[in-house]
Amino acid sequence: MRNGSTQHRPFFRVLIANRGEIALRVMRSARKLGLGVVAVYSDADRDALHVQQADQAVRIGEPLPTQSYLNIPAIVAAAKASGADAVHPGYGFLAENEEFAQACKDAGLVFIGPSPQAIETMGNKAGAKEIMKKAGVPVVPGYQGADQGDEVMLAEAREIGFPVMIKAVAGGGGRGMRLVTDALSFPDALRSARSEAKAAFGDPTVILERAIQNPRHIEIQVFGDSHGNAIHLGERDCSVQRRHQKLIEEAPSPAVTPELRAQMGDVAVAAVKALRYEGAGTLEFLLDASGEFYFMEMNTRLQVEHPVTEAITGLDLVELQLRVARGEPLPVKQQDIRFTGHAIEVRLCSEDAAHDFMPQSGRMACWQVPDGIRVEHALQSRSEIPPFYDSMIAKVIGHGATREEARGRLIVGLEQLTAFGVTTNQAFLLSCLRHPGFGKGEATTAFIGAHRDELLAPGTDAAFDVALAGLLLYVTNPQAPSWRRGRSLAATFPLPVKIEIAGRAYELEVWRERDGSYTAASDGRQDKFEIDQLDLDVIRFRHDGVMDRAKFLRDGDRLYLQHRGIPLAATDLTLAAPKAAASNGDGKVRAAMNGRVVAVLVKPGDRVSAGQPVMTLEAMKMEHVHKAGIDGVVAAIDVAEGEQVTTGRIVAEIGAG
């Protein structure tokens, strides 16, 4: 057995073995304690903000996580080269990897987290469930045996009863997780879950659990220190999820009573004391409609959603981690903790919600965050969003005296945030926050699935958006006459404008009236605009007696527009040559995003049907199945497993036959 104790000694320089917003978040608290900070980076992150803002930064490898952020020897070497004497893992990547914690310890580095033994014990879902069962904590029925054979797994799934959940033992974040409703689809789901788990965590082992229908996902934040103290900081409700990944988190939970909070907190603290656990941890539970709760897993690290706990407790959780790692006792006792108000966090992701939350990468042409609300991010205008990492690019947190106040502040803050250049889930998050079910605090893990069509419905008047986009393309044209207010000697002739929004083409005419206003006409509708102000990125106008404003960015033939918080992108097709027909009908399967080929499911000569899976690509640590667009015979496979491909590349060709 390895030495499971945690090293405690003073440290003065912290290397952050992570990237993006969490790297900056850790830097902030470390500097507050007077510590130096060191960043690490892959080739894809050479110019990233976390690199720019660190005292030092060390290259650790090529873009793929296995070549950089999961490369333990490279990170330990970076700590040595920079003179760092402690390592903070952030979350994701190696944060729950006992081998990494042990490697840091062996190198004489303080690992800011629990001991390798604690990570190994609780980081393994199967082992953690056994420990909790022995402690009398209710757990979800399932299978966590060593025999991982396909036939055994299928037999165990039948024994548990469908629907069942397949879950990777070594990680979280929705990777390596599949909900399976019947035996027929179980083998493919098992293969995919194993593949995703292997890629994300280096371990394909999975467990099976009974799928509890429509539960709430409740987690308890805990802390322990080397002096035997342990506390909980209340619960977070993380029920709003897509792909089993959290999108919205809040504290406290609308469904947890003070009595239930005390009961769950007592269970969590007892577990921490039994483990002699040191540092931050989170126990995750499923809460059913009757109020019964079941232990799922323990995360032996800081959580993405820790800011909502910070907001209602007034504590800096990263600072607590650093102090505990130095051997200090926790500065607060359970009876000292007070919960004030309510906090809600949303995860802004570079993904296309309308296309099954497909990850997006590219250049963030314009990035602006609002004042007066907490936004955790590592972005600036012209930042690159690489395709190799998680799609979460920022977190926006609203805090208020009541849940409704927190929700309102978050909605306004999200409306004011600008992210032009890469498709994000901004509009989808606003739809979730505004939904009556969420407003009443009724959301369970089934929320997005049950309301998906409503949540994806356009949030604005589409015809008005077309008119406003046409107006902006007209008045921002370098050859356009001045928009300055006042009467004109004569009205201008109508000019045709053709634009594309969300894959649909629109034709309209725009002209300036004698009174200085503008008219945009399309499909028999006429919208009249009076421009009060036109700057490089903001237009202020009057329409139907209402003065309004919109943010925009003109980038060649591309227009990014945000009106009342809803972003859209329009392409000027007025002078463009006719484009080729869409790819779905030509038999060519094209990569929907930058990614890596992880499975080729057919071979040349195979007969396939429209909608049949032909290839699986992995992007931003998630797998995405690509399907045939037509019935036919596979004529060619143009890529190999393991190959990196770019968006739009032809990966397979299907001929009629």
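Rules used in this analysis
Residues numbered from 1 in each chain as written. Predicted model: local features only at pLDDT ≥ 70, side-chain atom pairs only at ≥ 80, totals over all residues. Heavy atoms only, no water. Pairing = 2+ DSSP bridges. Helix = DSSP H or I, 4+ residues; strand = E, 2+ residues; numbered from the N terminus. Contact = heavy atoms within 4.5 Å. Axes fitted to C-alpha atoms, helices over the stretch in contact; angles between N-to-C directions. Parallel < 35°, antiparallel > 145°, perpendicular 65-115°, else oblique. Left-handed = near helix turned anticlockwise from the far one by under 90°. Nonpolar A, V, L, I, M, F, W, Y, C, P; charged D, E, K, R; others polar. pLDDT = per-residue confidence, 0-100. Salt bridge = Lys/Arg side-chain N within 4 Å of Asp/Glu carboxyl O. Buried < 20%, exposed > 50% of the residue type's maximum accessible area, 1.4 Å probe, protein only.

**Digging into the sheet that holds strand β38 (residues 644-645)**
Strand pairing within a sheet occurs via backbone hydrogen bonds; the two strands may be parallel or antiparallel.
Then comes step 1: The strand order across the open sheet formed by four strands is β36-β35-β33-β38, and the pairing between neighbours is antiparallel. Two strands in the sheet have a free side with no partner beyond their single neighbour: β36 (622-627) and β38.
Then comes step 2: In this sheet, strand β35 (residues 613-619) lies alongside strand β33 (residues 595-600) in antiparallel orientation, the contact comprising four bridges. Across the sheet, the residue bridging to V600 is M615, located in β35.
Then comes step 3: Most of the contacts of helix α8 (residues 186-201) go to β36, to which it runs at about 135°, and overall it touches β33, β35 and β36.

**Remarks on unusual backbone geometry**
Then comes step 1: The step from F162 to P163 runs through a cis peptide bond, and the omega angle for that step is 5°.
Then comes step 2: Mapped onto the secondary structure, P163 falls in the loop between α7 (150-160) and β7 (164-168).
Then comes step 3: Even without being a glycine, F357 presents a positive backbone phi close to 55°.
Then comes step 4: Position of F357 relative to the elements: it lies in the loop between β16 (351-352) and β17 (358-359).

**Focus: the packing of helix α13 (residues 426-434) against helix α15 (residues 447-456)**
Then comes step 1: Taken N-terminus to C-terminus, the directions of α13 and α15 make an angle of 110°; their axes are 10 Å apart at the nearest point. Taken together, the axes of α13 and α15 are roughly perpendicular relative to one another. The way α13 lies across α15 gives a crossing that is right-handed. For the pair α13 and α15, the contacting residues are F428, S431 and C432 in the first and F447, I448, L455 and L456 in the second.
Then comes step 2: Of the residues assigned to the contact of α13 with α15, the class counts are six nonpolar, one polar and no charged.

**Re the confidence of the model for the chain**
Then comes step 1: For the chain, per-residue confidence averages 91 on the pLDDT scale, and residues scoring 70 or more make up 96% of the total.
Then comes step 2: Confidence drops under pLDDT 50 across residues 577-584; counting only partners more than four residues distant or on other chains, this segment forms six contacts.

**Points about the pairing of strand β27 (residues 525-534)**
Then comes step 1: Direction of pairing for strand β26 (residues 518-522) relative to β27: antiparallel, over a ladder of five bridges. Among the inter-strand pairings, T519 is bridged to a residue of β27, identified as K528.
Then comes step 2: The turn joining β26 and β27, which pair antiparallel and follow one another in sequence, is formed by two residues; a positive phi near 50° is taken by D523.
Then comes step 3: Of the pairings in the sheet, the one linking β27 to strand β28 (residues 538-543) comprises four bridges and is antiparallel in character.

**Quick look at the pattern of salt bridges**
Then comes step 1: All told, the structure shown has 47 salt bridges when counted by the stated rule.
Then comes step 2: E250 is the salt-bridge partner of R403, the closest N and O atoms lying 2.7 Å from each other. Here R403, found in helix α12 (residues 403-416), pairs with E250, found in strand β12 (residues 245-251); they are 153 residues apart in sequence, far enough to count as distant. E250 matches R403 in its accessibility class, with the two residues each being buried.
Then comes step 3: Of the charged contacts in the structure, one is a salt bridge between D606 and K603, with a shortest N-O distance of 3.3 Å.
Then comes step 4: Linked through salt bridges whose partners overlap, the residues forming this network are R25, R28, K32, E310, D316, E319, R323, R326, E328, R374 and E376.

**Quick look at the side chain of S192**
Then comes step 1: Checked against the element boundaries, S192 lands in helix α8.
Then comes step 2: On the accessibility criterion, S192 (11% relative accessible area) is buried.
Then comes step 3: Contacts of S192, omitting those with residues within four sequence positions, involve R178 and E623.

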